[in-house]
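# Tertiary structure, described
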Amino acid sequence: MGIFEPFRAIGYITTGGVPFSLQRLGTETFVTVSVGKAFHVYNCAKLTLVLAGPQLPKKIRALASFKEYTFAAYGSDIAVFKRTDLVVTFTKHEEKVNMLYLFGEYILSADIKGNIFIWAFRGAKPSSEPVGNISLGDKFTPTCIVHPDTYLNKVIIGSEEGPLQLWNISTKKKIYDFKGWNSSVRCCVSSPALDMVAVGCSDGSIHVHNIRYDEELMSFNHEIRGAVTALSFRTDGQPLLASGGSSGVISIWNLEKRRLHSVIREAHDGSIVSLHFFANEPILMSSAADNSIKMWIFDNNEGDARLLRFRSGHSAPPRCIRFYGNGKFILSAGQDRAFRLFSVVQDQQSRELSQRHVAKRAKKLRVKAEEIKLKPVIAFDCAEIRARDWCNVVTCHMDTSKAYVWRLQNFVIGEHILTPSSETESPIKVWDFKSCKLKSKFNVGKSVTKIAYHRANGLLATVADDMVLVLFDTVSMKMVRRFEGHTDRITDLCFSEDGKWLISSSMDGTLRIWDISLARQIDAMRVDVSITSVSMSPNMDVLATTHVDQNGVYLWVNQALFSPSTNVDSYASGKHVRNVLLPTVSSAERSEEEEPIKKSQDSNESNIKPFVIMDHQIPNMITLSLLPRSQWQSLTNLDIIKVRNKPIEPPKKPEQAPFFLPSVPSLSGEILFEPPSSKETDGSTTEDTGHKKMADLSSHFSRLLQSSGELESYSAFTDYLKGLSPSSLDMELRMLQIIDDDDVEESEEPRPELQSISLLLDYFIHELSCRNNFEFVQAVLKLFLKIHGETIRRHSVLQEKVRKLLDVQSKVWQKIDKMFQSARCMVTFLSNSQF
């Protein structure tokens, strides 16, 4: 294990050029998109992320969704998920699958060789065997599939060669051939009007075709905007057709007037991948290869579209990043000329900093918005002190000597432009910030490409073309350290917040950690993709990196903060370089070490939730349960809650029965409710059902208690207790109470209740010794002693364990209380100090 281990990747919205899948569940609309080897599900109401799928072995090539099911094609296989749980995998294809199409209760999958398989997913679990297959032949490469409305069991399949075919899925027979338009078919969509479909071709032409009579109704052409890659009909009564091209432009066509209606220029910075009008709504959703999804609304008098909401990331790889806001945000500058702020905590807070009316100025000058934006940022720095008073970010850009300032408080570029002096020499200058005067300067002797300064200890790290890191003391103006090890150009470097580490990245694919006090390398790792930028959070818990040809920001967790070992030699030697994989967008991916645990959990038939065993715990510290405070606090206040919830007066007889309750007449005139039939209750009363549930709970509780004694069993028992409500847990503990304790003296025969109480004491001793789930165990222990305290006092076999429990409790609490007292003294001292 190294110091930094993969955590997750951020900044990915949709990748891979895979069309999204849109569906409506109840009153909400959800869109499923591909993010490399995983999928994300967004709620279209605010484009909030609601579900992140697990990591797949290969990149996703096609997506489809139906209710809670998601179908993801990767390689030649198709994974079927119910939410995030893998249900079944379809493995009949021998070639790469490039299309999935939802067709009623069937899913159609097509590979690059023209083989189409038909899968049924009726019932709780889809079958892993197809219900049929179709072979289109070697001279017909499928590119799109569409089902025309009212055409029962029939689909139209477009091809790379140009022709289209009409097939009956039920009989697996071809019905008709459409000769096409001598151009590859890129997309096809069904019209709200019967017998009509729209076909988009690679030559930029759009054909509205009557498939019943095989006649073309109308055609449009936007070859200047590239191939037609996506189409969608508006379904709220307006005769409009939206088309997207490889240039990123969305065109709106009027079908009644047979002409261009409007154009959404520069809707995306890449080729349009998907377009979809919401059912009976004037809202259009689009996605493209620029790592973004957008929603457009047609609500003005002219019928033009405006941007409603969107989610986007870098459309080109970022090249410079820095942590900001106490480690909660990351500033990122990319080759796409965008300057972005990513949230590490909540992805919805990520946004791009404004360069002031870029789209408006581009439209006025009739140029692309990209030409108005500033050149790509090559370096920047920020300060959080008095950020509300002035601009607190400064950026340097490619092919210009000017520096630009940004006001991060308003997420906008500042008013001033900084121009350096005309002096062309390149020594390192040290300025006094308060007096704004040059304090000193010195020449490294080589062309410096990167610098990093640690203000607290006054160390300056420099990088030149010789791939050597040199550290200078800015007070004495002398070189204090020299680190060598990289074999290619060093791309970035940064200090840890405490100034003990220097972290550097290189085009050789390695990231190296240098200990400044030991004057040597303490860890190094190599990734498959070269690192272009690196930054460490102020809390030193997370490291962020960017990579060549990768549009996201990758996060690594600092294992040294969570390890009891303080010896740096326990991680890696100075010469060893370990190979690691990049973090993934899905936190659900498991490492190879966790696979045996997962398999053992899957083989267990128990309904216990899977548990996690802590590999390391910080010495002299406790681990909390992460349960809601109300759940464990209620355990200690159950009596108060019962008194508070006690009814003030007995229930009154209703004067008249509600209309939905069946009643029968009586001689006394009182209302009698008709009892439920035996069919409804299966011969059991509500009281019997309650006793049965209590018996089931108690038997499960006892079974877990009897099996406890090992680490995994204790963890499973803890998870079971944490899953119970306060009242259920109180009932479980009271089921072990000895009712006739006052009348029975101690006997030689062990009672089962005493054995269970003894096992519970062993459990409490273990949990307190491990300092796990501390506040929850304390609450359960208080309730346990309240119920069984008198029983423990009367039986000497339990008193020895209680003494041991008291000893463990006292030792653990003394250590914790000592730390609390130290913290209180420090806070009191600082609060009374004068600065």
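Note that the structure is predicted; figures quoted are calculated from it, not measured.

The strands making up a sheet associate through hydrogen bonds between their backbones, and the pairing can be parallel or antiparallel. The sheet built from four strands is open, its strands ordered β6-β7-β8-β9 with antiparallel pairing. With partners counted over all chains shown, the strands left at the sheet margins are β6 (60-66) and β9 (85-90), one partner each. Ignoring which end each strand starts from, the neighbouring axes of this sheet average 20° apart. As defined by bridge partners, strand β8 (residues 77-82) adjoins β9 across five bridges and the pair is classed as antiparallel. For V80, the partnering residue across the bridge sits in β9 and is V88.

What the four strands build is an open sheet, ordered β26-β27-β28-β29; its pairing is antiparallel. Of all strands in the sheet, those bounded by a partner on one side alone are β26 (272-277) and β29 (306-312). Strand-to-strand, the axes of this sheet are offset by a mean angle of 15°, without reference to chain direction. Bridge analysis of strand β27 (residues 283-288) against strand β28 (residues 292-297) gives six bridges, and the strand direction is antiparallel. Residue S286 lies in a different strand from β28, and its bridge partner there is K294.

On to the pattern of salt bridges, then. Note on pairing: side chains with opposite charge can pair once their charged atoms come close. Tallied over the full model, the rule gives 21 salt bridges. Salt-bridge contacts for R340 lead to E352; the nearest nitrogen and oxygen are separated by 3.5 Å. Note that R340 is positioned in strand β32 (residues 339-343) and E352 in strand β33 (residues 351-352), a separation of 12 residues in sequence. The class of R340 is buried, set by a relative accessible area of 6%. A salt bridge links D466 to K446; the nearest nitrogen and oxygen atoms lie 2.5 Å apart. Highlighted residues: D466 in the loop between β41 (459-464) and β42 (468-473) and K446 in the loop between β39 (437-442) and β40 (448-454), separated in sequence by 20 residues.

As a further point, take empty space enclosed by the protein. Tallied over the full model, the rule gives four cavities of 30 Å³ or more. Lining of the largest cavity is provided by I156, L164, F178, W181, V197, V199, H209 and I211. Residue composition of the lining of the largest cavity, by class: seven nonpolar, one polar and no charged.

A separate point is unusual backbone geometry. Of note, E266 is a non-glycine position whose phi angle comes to about 50°, a positive value. One non-glycine residue, N280, adopts positive backbone phi at about 60°. Secondary-structure assignment places N280 in the loop between β26 and β27.

Further remarks concern the UniProt feature "repeat: WD" (unreviewed entry) in the chain. Following the UniProt record, one finds the feature "repeat: WD" (unreviewed entry) at residues 265-296 and 483-524. Span residues 265-296 is 0% helix and 53% strand, its end C-alpha atoms 13 Å apart.

Attention now moves to the pairing of strand β37 (residues 412-418). The pairing of strand β36 (residues 403-407) with β37 spans four bridges and is antiparallel. Across the sheet, W406 pairs through a bridge with I413, a residue of β37. Hairpin remark: β36 followed by β37, antiparallel, with four residues in the connecting loop; positive phi at F411, about 55°.

Attention now moves to a nonpolar patch on the surface. Residues M826, F829 and L830 make up a contiguous nonpolar surface patch of about 330 Å² in total accessible area. Judged by relative accessible area, which is 57%, F829 ranks as exposed.

Here we come to a negative patch on the surface. A cluster of acidic residues, E266, D269, E370 and E371, forms a negative patch at the surface. Position of D269 relative to the elements: it lies in the loop between β25 (259-264) and β26.

So, about the nonpolar core. Residues L721, F764 and F784 are the most contacted members of the largest nonpolar core, which totals 34 residues. Where this core is concerned, the elements lending two or more residues are α8 (711-722), α9 (726-734), α10 (752-770), α11 (774-794) and α12 (796-831). Tallying contributions element by element places α11 first for this core, with 10 residues. Excluding residues that lie within four positions of it along the chain, F784 makes contacts with L733, I757, L760, L761, F764, G789 and I792. Formed by 23 residues, the second largest nonpolar core is a distinct cluster that contains C494, V534, M536 and L543.

Turning our attention to the environment of T510. With respect to the secondary-structure elements, T510 resides in strand β46 (residues 510-515). Given the relative accessible area of 0%, T510 is considered buried. Along the primary structure T510 and H486 are separated by 24 residues, whereas in three dimensions their C-alpha atoms are 7.7 Å apart. Excluding residues within four positions of it along the chain, T510 makes contact with H486, S504, S505, M525, R526, I531 and V577. Among the polar contacts made by the side chain of T510, one reaches the side chain of H486 at a distance of 3.3 Å. Within the structure, T510 has its side chain in polar contact with the side chain of R512 (distance 3.5 Å).

Turning to the environment of Y176, a few remarks are in order. Structurally, the position occupied by Y176 is in strand β17 (residues 173-178). Using a relative accessible area of 36% as the deciding quantity, one classes Y176 as partly exposed. Between the C-alpha atom of Y176 and that of I156, which follows or precedes it by 20 residues, the distance is 9.4 Å. Apart from residues lying up to four places away in sequence, Y176 is in contact with L164, Q165, L166 and D214. Looking at Y176, its side chain comes within polar contact range of the side chain of D214, at 2.8 Å.

What counts and how
Residues numbered from 1 in each chain as written. Predicted model: local features only at pLDDT ≥ 70, side-chain atom pairs only at ≥ 80, totals over all residues. Heavy atoms only, no water. Pairing = 2+ DSSP bridges. Helix = DSSP H or I, 4+ residues; strand = E, 2+ residues; numbered from the N terminus. Axes fitted to C-alpha atoms, helices over the stretch in contact; angles between N-to-C directions. Salt bridge = Lys/Arg side-chain N within 4 Å of Asp/Glu carboxyl O. Buried < 20%, exposed > 50% of the residue type's maximum accessible area, 1.4 Å probe, protein only. 1 Å grid on protein atoms, 1.4 Å probe; cavity = no way out; pocket = protein on both sides within 12 Å on 5 of 7 lines; lining within 4 Å. Points joined across faces, edges and corners; volume = space filled by probe spheres on them. Nonpolar A, V, L, I, M, F, W, Y, C, P; charged D, E, K, R; others polar. UniProt positions renumbered as here; feature names shortened; annotations may be inferred. Patch = residues over 30% accessible without salt bridge, like charges linked within 9 Å, V, L, I, M, F, W, Y side chains within 5 Å. Areas by Shrake-Rupley, 256 points an atom, 1.4 Å probe, with all protein chains shown as cover. Lys, Arg positive; Asp, Glu negative; His and termini not counted. Charge placed at Lys NZ, Arg CZ, Asp CG, Glu CD. Core = buried A, V, L, I, M, F, W, Y, C linked by side-chain atoms within 4.5 Å. Contact = heavy atoms within 4.5 Å. Polar contact = N/O pair within 3.5 Å; in protein donor to acceptor, adjacent residues only side chain to side chain.

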